[in-house]
Amino acid sequence: MEKPSATDAVQLLPVAEAVKAAPLRLKKSMTVGQVFQAITANCLTQILANAAGVRRQDGESVHQMRVGLRRLRSSLSLFKEVLLPNEPLTEELDWLTRQLGMARDWDVLAGPVLSALADELEEPLPIEYVRQAVSRQAKKNDKNAAAAVSSARYERLVLALTQWINQRDWRDKDSASQRKQLKTRIAPFADGMLRHYRRQLKKQGKKLTQVSAAERHKVRIAAKKTRYSAEFFQSLYGDKTMVPFVTALTGLQDTLGRLNDAAIAGRLLLQLQENHPPLAETISYLRGYLAAGINSEGQNIQRSWRAFKPLKTPALA
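Thoughts on the overall build of the protein
At step 1: The secondary structure content of the protein amounts to 13 helices and zero strands.
At step 2: In the protein, the succession of helices and strands from N to C terminus is α-α-α-α-α-α-α-α-α-α-α-α-α.
At step 3: Taken over the C-alpha trace, the protein has a radius of gyration of 21 Å; the compact-globule value for 317 residues is 20 Å, and the two agree within 12%.
At step 4: For the protein, buried positions account for 46% of its 317 residues.
At step 5: Across the protein, the fraction of contacts at a sequence separation of at least 24, relative to all contacts at a separation of at least 6, is 80%.

Written as structure tokens, this is what we have:
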């Protein structure tokens, strides 16, 4: 009798709500290689657990599967110096990320963004017509994401990723130095990478309130990498230093994330405006309102940065 695949196993589970990442339980006695394998397996579990929800076109499942992919990609970046590159696998992860990203961006516009605009605007505008047009596009992208996760291409990706993690194909068997690094205890590696990401974030965050949207996006990416790294290693550190560090990072990333959502919403509305001339005037007003909101966020950005900047980088050694 044929064994069920990884995706078949998840499909056999009862229908459930969107699944967030499970807590990681790491030990200081673990090696770099063992920790990498534990982290990537944790990310894969989150991805697989949300597949059924994505196929049902559940927006929150799309979001959580995308988070799982972002965490996985962050872990590959975090450990890249001790891994054997796998470009075909990276390309397939990029493909799946794009499918989910398009669905999530339109879901955010159709839900939180337009709802907030409707609540904030005092003068009457035919937002409902815009909402209907956005909802149609969001449903189309949700269907595309569901099709992607139902495809043979997705099945091949899951099987390849599972094998790559479980059989430790990320090791370079011809590199003695890499094997040595993978067998070292995790503490020096974790401390070093947290310091590295913290330095990168502080460098990118200089004059944060005065930078362009593109530069602010770089800060958001740096904050995301630092946060995910801290969360991956959190169980190795004491709560006294790590919890405030992660909390401040989360606040900073959330603030920058809201600005990013608004910027993406503006671009999507421009696409909609070009394809729906009768709604052009209303959409143009909404885009202007969003842009004004982004420009007025300087105080919130500064507050989030001040909460993070003075905190020391957690250390084991």
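Points about the pattern of salt bridges
At step 1: Considering all chains together, one arrives at four salt bridges under this definition.
At step 2: The residue Glu128 makes a salt bridge to Arg131 at a minimum N-O spacing of 3.3 Å. Of this pair, Glu128 and Arg131 both sit in helix H6 (residues 127–149), three residues apart, roughly one helical turn.
At step 3: In this structure, Glu231 and Arg227 form a salt bridge, with 3.0 Å as the shortest nitrogen-oxygen distance.

Focus: the layout of surface pockets
At step 1: Within this model, the largest pocket holds a volume of roughly 1300 Å³.
At step 2: Val67, Arg70, Lys224, Tyr228 and Gln253 are the residues nearest the centre of the largest pocket, which is lined by 44 residues in total.
At step 3: Contributing elements (two or more residues each) for the lining of the largest pocket: helix H4 (59–78), helix H5 (87–120), helix H10 (213–233) and helix H11 (239–275).
At step 4: Here the residues of the lining of the largest pocket sort into 13 nonpolar, 13 polar and 18 charged.
At step 5: Size it by volume and the second largest pocket reaches roughly 360 Å³.
At step 6: In this structure, the second largest pocket is lined by 15 residues; those nearest its centre are Ala116, Glu120, Arg258, Ala262 and Leu290.
At step 7: For the lining of the second largest pocket, the secondary-structure elements that each account for two or more residues are H5, H11 and helix H12 (280–295).
At step 8: The leading source of residues in the lining of the second largest pocket is H5, at six residues.
At step 9: Classifying every residue of the lining of the second largest pocket by side-chain character gives ten nonpolar, one polar and four charged.

Here's the deal with the packing of H4 against H10
At step 1: Where H4 meets H10, the closest approach of the two axes is 10 Å, and the angle between their N-to-C directions is 85°. Classified by the interaxial angle, the pair formed by H4 and H10 is roughly perpendicular. Taking contact as the criterion, the partners of Val67, Arg70, Arg71, Ser74, Ser75, Ser77 and Leu78 in H4 are, on H10, Lys224, Lys225, Tyr228, Ser229, Phe232 and Phe233.
At step 2: Partitioned by chemical class, the residues of the contact of H4 with H10 number five nonpolar, four polar and four charged.

Here we look at a positive patch on the surface
At step 1: On the surface, Lys202, Lys203, Lys206 and Lys309 cluster together to form a positively charged patch.
At step 2: In this structure, Lys202 sits in helix H9 (residues 186–204).
At step 3: Residue Lys202 is classed as partly exposed on the basis of its relative accessible area, which comes to 34%.

Overview of the environment of Leu78
At step 1: Checked against the element boundaries, Leu78 lands in helix H4.
At step 2: As a C-alpha pair, Leu78 and Ala190 span 112 residues in sequence and 9.6 Å in three-dimensional space.
At step 3: In this view, Leu78 contacts Phe189, Met193, Tyr197, Ser229, Phe232 and Phe233; residues no more than four positions away in its chain are not counted.

Concerning unusual backbone geometry
At step 1: In the Ramachandran plot, Gln57 falls in the positive-phi region, its phi being about 65° despite a non-glycine side chain.
At step 2: In this fold, Gln57 is placed in the loop between helix H3 (51–55) and H4.
At step 3: The exposure class assigned to Gln57 is partly exposed, which follows from its relative accessible area of 34%.
At step 4: One non-glycine residue with positive phi stands out, namely Arg168, at about 55°.
At step 5: You can see Arg168 is positioned in the loop between helix H7 (152–166) and helix H8 (176–182).
At step 6: On the accessibility criterion, Arg168 (39% relative accessible area) is partly exposed.

Points about the nonpolar core
At step 1: Among the nonpolar cores identified, the biggest contains 93 residues, and Phe79, Leu109, Tyr154, Leu201 and Phe233 are the most heavily contacted of them.
At step 2: For this core, the element with the highest residue contribution is H11, accounting for 14 residues.
At step 3: Those residues in contact with Phe233 that lie beyond four places of it in its chain are Leu26, Val35, Ile39, Leu78, Phe79, Ile186, Phe189, Ala190 and Leu194.

Some thoughts on the environment of Gln46
At step 1: Looking at the element boundaries, Gln46 is found in helix H2 (residues 32–49).
At step 2: Remark: the alpha-carbon pair of Gln46 and Val67, spanning 21 residues in sequence, is separated by 8.4 Å.
At step 3: Leaving out residues up to four positions away in the same chain, Gln46 has contacts with Val19, Lys20, Ala21, Gln64, Val67, Gly68 and Arg71.

Criteria and thresholds
- Residues numbered from 1 in each chain as written.
- Predicted model: local features only at pLDDT ≥ 70, side-chain atom pairs only at ≥ 80, totals over all residues.
- Heavy atoms only, no water.
- Helix = DSSP H or I, 4+ residues; strand = E, 2+ residues; numbered from the N terminus.
- Rg over C-alpha atoms; globule rule 2.2 N^0.38 Å.
- Buried < 20%, exposed > 50% of the residue type's maximum accessible area, 1.4 Å probe, protein only.
- Contact = heavy atoms within 4.5 Å.
- Salt bridge = Lys/Arg side-chain N within 4 Å of Asp/Glu carboxyl O.
- 1 Å grid on protein atoms, 1.4 Å probe; cavity = no way out; pocket = protein on both sides within 12 Å on 5 of 7 lines; lining within 4 Å.
- Points joined across faces, edges and corners; volume = space filled by probe spheres on them.
- Nonpolar A, V, L, I, M, F, W, Y, C, P; charged D, E, K, R; others polar.
- Axes fitted to C-alpha atoms, helices over the stretch in contact; angles between N-to-C directions.
- Parallel < 35°, antiparallel > 145°, perpendicular 65-115°, else oblique.
- Patch = residues over 30% accessible without salt bridge, like charges linked within 9 Å, V, L, I, M, F, W, Y side chains within 5 Å.
- Areas by Shrake-Rupley, 256 points an atom, 1.4 Å probe, with all protein chains shown as cover.
- Lys, Arg positive; Asp, Glu negative; His and termini not counted.
- Charge placed at Lys NZ, Arg CZ, Asp CG, Glu CD.
- Core = buried A, V, L, I, M, F, W, Y, C linked by side-chain atoms within 4.5 Å.

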